[in-house]
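Architecture at a glance
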Amino acid sequence: MKVSFIVISALGLVRREMLRLLVLVATGLWALYTRWKRRRIHRVCKEVPFCGLPGLPLIGQAHLFAGNDEDRMKLLQKLGKIAVKHGGMTSVWMLNKLYVVIADPAIAEVVLKSCLDKDDTTMKFVRNLVGNGNFVAPETSLGVDLNSQQQSNHPFLEAFETALHLLSERLLCPWLYLDCVYERLSRHKTFVAKKDFMYRFVDELIKKKREELSTRDTNGMNGMKSEMRTFLEMLLESSGGHQGYSDIELREEVLVIVLAGTDTSAVGAAYTAVMLSRYPEVQEKVYQELQEVFGDSDRPATAQDLPRLKYLEAVIKETLRTYPAVPVVVREVLNDVKLPNGKKLVNGVGVVVSFCAIHRHPAYWGADADVFRPERFLEGPLKHPAQFMPFSYSFRNCVGSTYAMMSMKTVLSALVRRYRLRPAALELRPTFNVMMKDGSGYALGIQRRRTFGDKLI
Ligand code: HEM
């Protein structure tokens, strides 16, 4: 009895040990096989100067992205600076994916011309928020007054802001990538609640617009009442009214345009206003130019006025150079790319083109690259076509850049004609919230200007 018990126990032990050994061997073989399969990526890792930031087993440098939106922006900026120091590129591991950060316009030009596919991870999370909307050109998107000046905490804007914050956090924190993990966290609940709210808001609008359109059709009125039509109205019309886009497709198109167009231009204009408030001599020059174009009139700006606002344009560009609304874009390498510095990127590598680093690269912008000096945009051609690209470059660049410049000029000219802008916050606190936003809330003071004798405008 005793002997058989000992034999059975010994056999059980041997079996357990063999199983453990088998698991070990299998894991080892799997690791070797994966390493062999990814040997070309590891070659890139050897070729491209490493960022030198501390990494952890399995997750690489990903842990450094823990923290808040401001910390994440600082880290992105730091990586850009490291890349500049290493001749325009550096590498970083996020989980098992190698990302190459590009900070040189000549390298970025080749990458943006060759790698047109957006990074899978980025697109997965962006789609989770806005769906599969195509990227098409708008006007104003919703046709509803969100009254954002008076009511900056409008529920739609608030939901949009929170959803963007959660999206950008997830983009840069790989431990939040797995759905089965993320769905157990309270932030997922918040994300879904905000997303649902945004969807309901847009769906309600679409319903109203459809009803409006069908009432007009039955009344025999072709087309819209006014010349000014919203993006949503145009989509409905151009797709054949209710026979065209489904409600879901319409919602996706509208959300994409809110994300790609509205917020970026608002961020660009807000940062420019803050820079004007901090540089009174620049603001004065803008005001003089506005005086030359508009004189004593308080008429609104027209499309013909805008090209004449050359100095204001230089100020907006200088703001987008120093604080690009889109600080980085991410691309996936599908086919091997030979770079101008002789190095090669291969399939499976991710590329982060850092506009914030390229826009301050001293070899292209000079020793005063960090100084806010709009005049540099009036001093003749730049050294490289890709050294300034707030709207990206090449085939997948921004379709709304002209519209964005026009809308920012319109808003800023109206503001400076009426108000003197004064600095409020001590410093700007750039944050990464899909876009580069300001953690100080673009704080500035305004004082009404007294012009036209004593007449207030
Ligand atoms: C200051 C304002 C803006 C900035 C800084 C900006 C910047 C950018 C950048 C950098 C990209 C490339 C993104 C990437 O490659 O991943 C982009 C793409 C895009 N932008 Fe803008 N944008 C602005 C305003 C607008 C406006 C007003 C619209 C629409 C009216 C718009 C529509 C788009 C669309 C549809 C794309 C996607 C193009 C594509 O992927 O094929 N943007 N934008």
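Cut-offs used in this document
- Residues numbered from 1 in each chain as written.
- Predicted model: local features only at pLDDT ≥ 70, side-chain atom pairs only at ≥ 80, totals over all residues.
- Helix = DSSP H or I, 4+ residues; strand = E, 2+ residues; numbered from the N terminus.
- Contact = placed C-beta atoms within 7 Å.
- pLDDT = per-residue confidence, 0-100.
- Core = buried A, V, L, I, M, F, W, Y, C linked by C-beta atoms within 7 Å.
- Buried ≥ 20, exposed ≤ 12 C-beta atoms within 10 Å, placed from the backbone.
- Pairing = 2+ DSSP bridges.
- Axes fitted to C-alpha atoms, helices over the stretch in contact; angles between N-to-C directions.
- Arc of directions from axis to C-beta.
- Nonpolar A, V, L, I, M, F, W, Y, C, P; charged D, E, K, R; others polar.
- Expected span 1.5 Å × (residues − 1).
- Parallel < 35°, antiparallel > 145°, perpendicular 65-115°, else oblique.
- Left-handed = near helix turned anticlockwise from the far one by under 90°.

A separate point is the overall build of the chain. Looking only at helices and strands, one finds 15 helices and 10 strands in the chain. A sequence separation of at least 24 residues applies to 75% of the contacts in the chain between residues at least 6 apart.

The subject of this paragraph is the confidence of the model for the chain. Interpretation of this model should avoid reading the predicted coordinates in detail wherever pLDDT is low. Mean pLDDT for the chain: 87, with 89% of residues reaching 70 or above. Below pLDDT 50 for its whole length, residues 452–457 participates in seven contacts with residues either more than four positions away or in separate chains.

Right, let's talk about the nonpolar core for a bit. Ranked by internal contacts, the top residues of the largest apolar core, which has 74 residues, are V100, V101, I102, V111, V351 and V353. Considering every element that reaches this core, the biggest residue donor is helix 10 (residues 247–278), with eight residues. By size, the runner-up hydrophobic cluster in this structure holds 28 residues, among which are F125, A163, M198 and I257.

This next bit is on the sheet that holds strand 3 (residues 328–332). The strand order across the open sheet formed by four strands is 1-2-6-3, and the pairing between neighbours is mixed. The outermost strands of the open sheet, each flanked by one partner alone, are strand 1 (89–94) and strand 3. Strand-to-strand twist across the sheet, computed as the mean angle between neighbouring axes with direction ignored, equals 25°. Sheet analysis places strand 2 (residues 97–102) next to strand 6 (residues 350–354), joined by four bridges and oriented parallel. By the bridge assignment, V101 is partnered in strand 6 with V352.

In this structure, P155 sits in helix 6 (residues 155–172). Judged by local crowding, P155 falls into the partly exposed class, with 13 C-beta atoms found within 10 Å. Taking the C-alpha atoms as reference, P155 lies 9.4 Å from F201; in sequence the two are 46 residues apart.

In this section: helix 9 (residues 231–238). Every buried residue of helix 9 is listed here: F231, L232, L235 and L236. Across the axial projection of helix 9, the buried residues extend over an arc of 135°, all falling on one side.

Take the packing of helix 11 (residues 280–294) against helix 12 (residues 310–322) next. Between two packed helices, the angle of one axis relative to the other and the distance separating the axes together describe the packing. Running from N to C, helix 11 and helix 12 point in directions that differ by 145°, and their axes come no closer than 8 Å. Residues V282, K285, V286 and E289 of helix 11 pack against Y311, L312 and V315 of helix 12. Along the lines of polarity and charge, the residues of the contact of helix 11 with helix 12 split into five nonpolar, no polar and two charged.

The subject of this paragraph is the environment of G261. As for its placement among the helices and strands, G261 is situated in helix 10. For G261, a count of 23 C-beta atoms within 10 Å gives the class buried. Considering only alpha carbons, one finds G261 and G400, 139 residues apart in sequence, at a separation of 7.0 Å.

The next thing to look at is helix 3 (residues 69–85). Since the α-helix turns once every 3.6 residues, residues separated by three or four places project in the same direction. With 17 residues, helix 3 ought to run about 24 Å at 1.5 Å a step, and its terminal C-alpha atoms sit 25 Å apart, in line with that. Taken together, the buried positions of helix 3 are D69, R72, M73, L76, L79, G80, I82, A83 and V84.

A few words on the packing of helix 12 against helix 15 (residues 401–418). Packing of helix 12 against helix 15 leaves a shortest axis separation of 10 Å and a crossing angle of 110°. For the element pair helix 12 / helix 15, the angle class is roughly perpendicular. The element helix 12 and its partner helix 15 pack so that their crossing is right-handed. The segment helix 12 lies against helix 15, with L312, E313 and I316 engaging M405, M408, K409, L412 and S413.

The subject of this paragraph is unusual backbone geometry. Positive phi values are uncommon outside glycine, yet L95 reaches one of about 55°. For L95, a count of 13 C-beta atoms within 10 Å puts it in the partly exposed group. We note that Y442 has phi near 55°; this positive angle belongs to a residue other than glycine. Locating Y442 in the fold gives a position in the loop between strand 9 (435–438) and strand 10 (444–448).

On to the pairing of strand 2, then. Counting buried positions along strand 2 yields five of six residues, so the element is predominantly enclosed. Note that strand 1 and strand 2 share six bridges and pair antiparallel. From the neighbouring strand, M94 faces strand 2, where its bridge partner is K97. Between strand 1 and strand 2, which pair antiparallel one after the other, the connecting turn spans two residues, and L95 there sits at a positive phi close to 55°.

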